[in-house]
Amino acid sequence: MITSLFGQFSPDIIAFLPLQVVSSILALSWLLFIFPTNFFSGRVLYIWNTARLEVMKIIFQNSKKTAAPWIPTLTIVFFIIISINLMGLFPYAFSITSHASFTYSLAIPLWMSVNILGFYLAFNSRLSHLVPQGTPSFLIPIMVLIETLSLIAQPIALGLRLAANLTAGHLLIFLLSTATWILASSPLLSFLTLIILGLLFILEVGVACIQAYVFTSLVNFYLDQNL
């Protein structure tokens, strides 16, 4: 039972397991579809493959051909994030992607992998990106510092964006649902608040999908910069 404004961000324990572990395991159930078995019918596999191909077209339509080996990994990341986001919208559900500890656990390893790969494949080229072409010599140290800080800020912004957007949406839903209950003595105001709550919930469903797309697209963009 959630009794405080930030209570939804404090996961409970189920069978000695934190809810973030349970949520992650449920999200990883997508792997059963990615690596299908005979358990699933042909129709289910057809729907899944169609959805997966459409997602890949949207996210990777402008990607370089050299990014092809990363497509399965980023597709898995997309479906894991979107499934956790959507599950977090159920009543009394815990959304692990609203915690920076989880989003940074995804953002930092992916960012490091992409940049390590870039420096490994083209070390000199990656270093040259720290100094834009035509930069005056006296500005080179400053530009190197600025570009380095910009590079370091990428994983911070990547993880923070996902957690902050979901946290803000969940707080608004909680506040409006509480207001609807408090205003129950006034049917008209309660009904209007309920309508706004319903519209906000639909918006949050869209935000849950968009944030998964934005996270995956940014990782793909960083990958293109390093290939």
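With an unreviewed UniProt entry as reference, the chain is termed ATP synthase subunit a, source organism Stichopus horrens.

Asker: Please give an account of the overall build of the chain that cites residues and values.
Answerer: Within the chain, the secondary structure is distributed over 8 helices and 2 strands. Listed by position from the N terminus, the elements making up the chain come as β-β-α-α-α-α-α-α-α-α. A burial count over the chain gives 34% of its 227 residues as buried. Taking all contacts inside the chain whose residues are at least 6 apart in sequence as the whole, residues at least 24 apart take part in 74%.

Asker: Tell me about the UniProt feature "transmembrane region" (unreviewed entry) in the chain, and name the residues and values.
Answerer: Mapped onto this numbering, the UniProt entry gives "transmembrane region" (unreviewed entry) at residues 67-90, 102-123, 135-156, 162-184 and 191-214. When the span residues 135-156 is considered, its composition is 77% helix and 0% strand, and the gap between its end C-alpha atoms is 27 Å. Across residues 162-184, the secondary structure splits into 91% helix and 0% strand, with the terminal C-alpha atoms separated by 34 Å.

Asker: Tell me about the side chain of E204, and name the residues and values.
Answerer: For E204, the location among the structural elements is in helix α8 (residues 187-226). At 14 Å, R161 is the nearest oppositely charged side chain to E204, a buried residue that forms no salt bridge. Setting aside its immediate chain neighbours within four residues, E204 contacts L89, G169, H170 and I173.

Asker: I'd love a proper account of the nonpolar core, names of residues and values included.
Answerer: F78, I81, V114, L158, F215 and V219 are the most contacted members of the largest nonpolar core, which totals 25 residues. Among the secondary structure elements, those contributing two or more residues to this core are α3 (42-60), α4 (71-87), α5 (100-121), α7 (140-182) and α8. In terms of residue count, α4 provides more of this core than any other element does, 7 residues in total. In this view, L158 contacts A107, F215, L218, V219 and Y222; residues no more than four positions away in its chain are not counted. One finds L89, L197, L200 and A208 within the second-largest nonpolar core, a separate group that totals 5 residues.

Asker: An account of the packing of aromatic side chains is needed here, citing residue identities and associated values.
Answerer: Both the distance between ring centres and the angle between the ring planes are used here to describe each pair of aromatic rings. Taken as a whole and judged by the stated rule, the model has 2 aromatic pairs. Consider the rings of F78 and F79, whose centres lie 5.2 Å apart with planes at 85°: the pair is edge-to-face. Accessibility classification places F78 together with F79 in one group, the buried group. With a centroid separation of 6.1 Å and an interplanar angle of 55°, the aromatic rings of F221 and Y222 are classed as tilted. Residue F221 is classed as partly exposed on the basis of its relative accessible area of 44%.

Asker: Describe the side chain of T103, naming the residues involved and giving the relevant values.
Answerer: Here T103 shows up in helix α5. Among the residues examined, T103 registers a relative accessible area of 0% and is labelled buried. For T103, the side chain forms a polar contact with the main-chain oxygen of G159, separated by 3.0 Å. If we skip the residues at most four places from it in the chain, T103 touches T97, G159, L162, A163 and F215.

Asker: If you had to explain the packing of α7 against α8 to someone new, which residues and values would you point to?
Answerer: In the contact formed by α7 and α8, the axes pass within 9 Å of each other and the chain directions differ by 170°. Put simply, α7 runs roughly antiparallel to α8. Taken together, the residues that form the contact of α7 with α8 break down as 18 nonpolar, 10 polar and 2 charged.

So, how was this worked out
- Residues numbered from 1 in each chain as written.
- Predicted model: local features only at pLDDT ≥ 70, side-chain atom pairs only at ≥ 80, totals over all residues.
- Heavy atoms only, no water.
- Helix = DSSP H or I, 4+ residues; strand = E, 2+ residues; numbered from the N terminus.
- Buried < 20%, exposed > 50% of the residue type's maximum accessible area, 1.4 Å probe, protein only.
- Contact = heavy atoms within 4.5 Å.
- UniProt positions renumbered as here; feature names shortened; annotations may be inferred.
- Lys, Arg positive; Asp, Glu negative; His and termini not counted.
- Salt bridge = Lys/Arg side-chain N within 4 Å of Asp/Glu carboxyl O.
- Core = buried A, V, L, I, M, F, W, Y, C linked by side-chain atoms within 4.5 Å.
- Phe/Tyr/Trp six-rings, centres within 6.5 Å; stacked < 30°, edge-to-face > 60°.
- Polar contact = N/O pair within 3.5 Å; in protein donor to acceptor, adjacent residues only side chain to side chain.
- Axes fitted to C-alpha atoms, helices over the stretch in contact; angles between N-to-C directions.
- Parallel < 35°, antiparallel > 145°, perpendicular 65-115°, else oblique.
- Nonpolar A, V, L, I, M, F, W, Y, C, P; charged D, E, K, R; others polar.

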